[in-house]
Amino acid sequence: MDSVVSEEPMTMFNPITFVLRFLASYGWYLVGASAAVLYAAHKLSPRIERWRQAREDAAYHKDPDVALARMAAIQEARERQQRLLEEASARALREQKEREERKRVEMAERLKKLEENGGHRLGAGDGDDYLPLSGGASTSSYRPPKRSACSRGGCGG
């Protein structure tokens, strides 16, 4: 009994190939559908937000306990923020006073050292006769070269 058996080669399922074939066949439809969904979401989101706000306001006005709880939560949040602000302000003021105190102590130490060393005056000789505004020998004799018309290409040619 010879029956004819058709032998098809067994192919393995490759998900990457499947996805690529799907995108090749339906890619533009996916792009169009995505654009339509994004456009609809952009246009409908303000309406949905208004509807949600109206529903919340209706519940808010129906139940006075919800209103009181919301007001208490808002007041508590404001008090907490005020407390944090006052703490940060006090901390910054303390740090500024500490910096000023360190600066004052440092300046007092400098003055004390200067008094011990006899002070320092401008022009008082420490052995070197450096006078930056006098045109002494320490000045340079460099002079820039003259400008000529040749540098702009007008001389030769």
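Attention in this report is confined to the structure presented alongside it. (Residues numbered from 1 in each chain as written. Predicted model: local features only at pLDDT ≥ 70, side-chain atom pairs only at ≥ 80, totals over all residues. Heavy atoms only, no water.)

**Regarding the overall build of the protein**
In terms of regular secondary structure, the protein is built from two helices and zero strands. Buried positions account for 2% of the 157 residues belonging to the protein. Split by element, the accessible area of the protein, about 16000 Å² in all, is 58% carbon and sulfur. (Helix = DSSP H or I, 4+ residues; strand = E, 2+ residues; numbered from the N terminus. Buried < 20%, exposed > 50% of the residue type's maximum accessible area, 1.4 Å probe, protein only. Areas by Shrake-Rupley, 256 points an atom, 1.4 Å probe, with all protein chains shown as cover.)

**Some words on the pattern of salt bridges**
Scanning the entire structure with this criterion turns up four salt bridges. Linking Arg-70 and Glu-56 is a salt bridge whose minimum nitrogen-to-oxygen distance equals 2.8 Å. Taken together, the positions of Arg-70 in helix H2 (residues 64-116) and Glu-56 in helix H1 (residues 15-62) put the pair 14 residues apart, joining distant regions of the chain. Overall, Arg-70 belongs to the partly exposed group, its relative accessible area being 30%. Across the pair Glu-106 and Arg-110 runs a salt bridge whose closest N-O atoms are separated by 2.9 Å. You can see Glu-106 and its partner Arg-110 sitting in helix H2, four residues apart, about one turn around the helix. (Salt bridge = Lys/Arg side-chain N within 4 Å of Asp/Glu carboxyl O.)

**Structural notes on the packing of aromatic side chains**
Overall, the coordinates contain three aromatic pairs when judged by the stated rule. Each ring, one from Phe-13 and one from Phe-18, has its centre 5.9 Å from the other, and the planes form 45°; the classification is tilted. Phe-13 sits in the exposed class, given a relative accessible area of 64%. Considering the side-chain rings of Phe-22 and Tyr-26, the 5.1 Å spacing of their centres and the 45° angle between planes classify their relative orientation as tilted. With Phe-22 and Tyr-26 both in helix H1, this residue pair falls four residues apart, about one helical turn. Take Phe-22: its relative accessible area is 38%, and that puts it in the partly exposed class. (Phe/Tyr/Trp six-rings, centres within 6.5 Å; stacked < 30°, edge-to-face > 60°.)

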